[in-house]
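# Fold and contact review
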Amino acid sequence: MDALDKVAIGMVAEKIVIVTSEMTVGHFVANMPQVYATPMMILHMEMASGSAIASHLPERFVSVGMDVNVRHLAATPVGRAVRAIARVIDIDRKSVLFEVEAWNGDRKIGDGTHRRGIVNVTEFEKRFGVRQLTMSLD
C-alpha cells in the first residue's frame, strides 16, 4: 500500500483566522504597517493544505511543506477574518500539489501553489536523529 493511496485530486480544506497584531508585518519589522504579514498568510495556506490530506495518510505518515509559490495581492487589517483554502490539484509518488488561495470576505488577498512531501515519521526520525514533538499550531 502506497502512503498516497487514499489521497485524491479535489480534496479541500480551509483555515480561518482573525488577524491579530501578532500576525502583522509591523509586529515583525519596525516601522511597517499593522497588516497581515505574507509569511503568516503562507503559514495558514500550508496549514489548510496539510489538513486537506492528514486524515487520509497512513498512521505515522505526515506531510511537510517543500515548495511555495504565492502572490500576496491585498492588505488585511487587524480584526478581519482571513480564510485560507487549499485544494489538491496533483499527486505524484512522494508529494501532493495544492492550489491555495486566501480571502478577506469576498476579496481574494492571495493565491498560488504549495507542494507538500509525504514523510514516514519513524524513518525521518531515524535518518535525522530527531523525535516528533506533540505540538499544535491551532
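Everything below is about the structure shown above.
This write-up is about the structure you can find in this document. Within each chain, residues carry numbers counting from 1 in the order of the written sequence. Predicted model: local features are reported for residues with pLDDT of at least 70 only, side-chain atom pairs are reported and counted for 80 or more only, and whole-chain, interface and lining totals are derived from all residues. Side-chain metrics rest on all non-hydrogen atoms present in the structure, leaving aside hydrogens and water.

Before going further, it helps to spend a moment on the overall build of the protein chain. Strands are runs of DSSP state E lasting at least 2 residues, helices are runs of H or I lasting at least 4, and numbering of each runs from the N terminus. From N to C terminus, the protein chain includes three helices and five strands. Ordered by position from the N terminus, the helices and strands of the protein chain form the series β-α-α-β-β-β-β-α. For the protein chain, the C-alpha atoms occupy an extent of roughly 50 × 35 × 20 Å along the three principal directions. For the protein chain, with 138 residues in total, the buried portion stands at 38%. Under the convention used here, a 1.4 Å probe and the Shrake-Rupley method define accessible areas, while residue burial counts only the protein chains that appear. Working note: accessible area of the protein chain is about 8300 Å², and carbon and sulfur atoms make up 53% of it. Note that His is not counted, nor are the chain ends; the positive residues are Lys and Arg, and the negative ones are Asp and Glu. We put the charge of a Lys on NZ, of an Arg on CZ, of an Asp on CG and of a Glu on CD. Across the protein chain, 16 positive and 16 negative side-chain charges occur, with their mean positions spaced 2 Å apart. Relative accessibility under 20% of the residue-type maximum defines a buried residue, over 50% an exposed one, and the middle range a partly exposed one, all with a 1.4 Å probe and only protein chains included.

The next subject is the environment of Ala75. With respect to the helices and strands, the residue Ala75 is situated in the loop between strand 2 (61-72) and strand 3 (81-91). Classification of Ala75 by relative accessible area gives partly exposed; the value is 46%. On a C-alpha basis, the gap between Ala75 and Lys6 in space is 37 Å, while along the polypeptide they are 69 residues apart. Between two residues, a contact is recorded if the distance between any of their heavy atoms is within 4.5 Å. Ignoring any residue separated from it by four or fewer positions in sequence, one finds Ala75 in contact with Val35, Asn104 and Arg107.

At least two bridges found by DSSP between two strands is the condition for calling them paired. If you trace the five strands from one edge of the open sheet to the other, you get 1-3-4-5-2, paired in antiparallel fashion. Each edge of the sheet is formed by a strand with only one pairing partner; in this case those strands are strand 1 (12-18) and strand 2. Within the sheet, the average angular offset between the axes of one strand and its neighbour, ignoring direction, is 25°. Pairing between strand 2 and strand 5 (residues 107-120): 11 bridges, direction antiparallel. Here, axes are lines fitted to C-alpha atoms. For helices the fit covers the stretch in contact, and angles between N-to-C directions go from 0 to 180 degrees.

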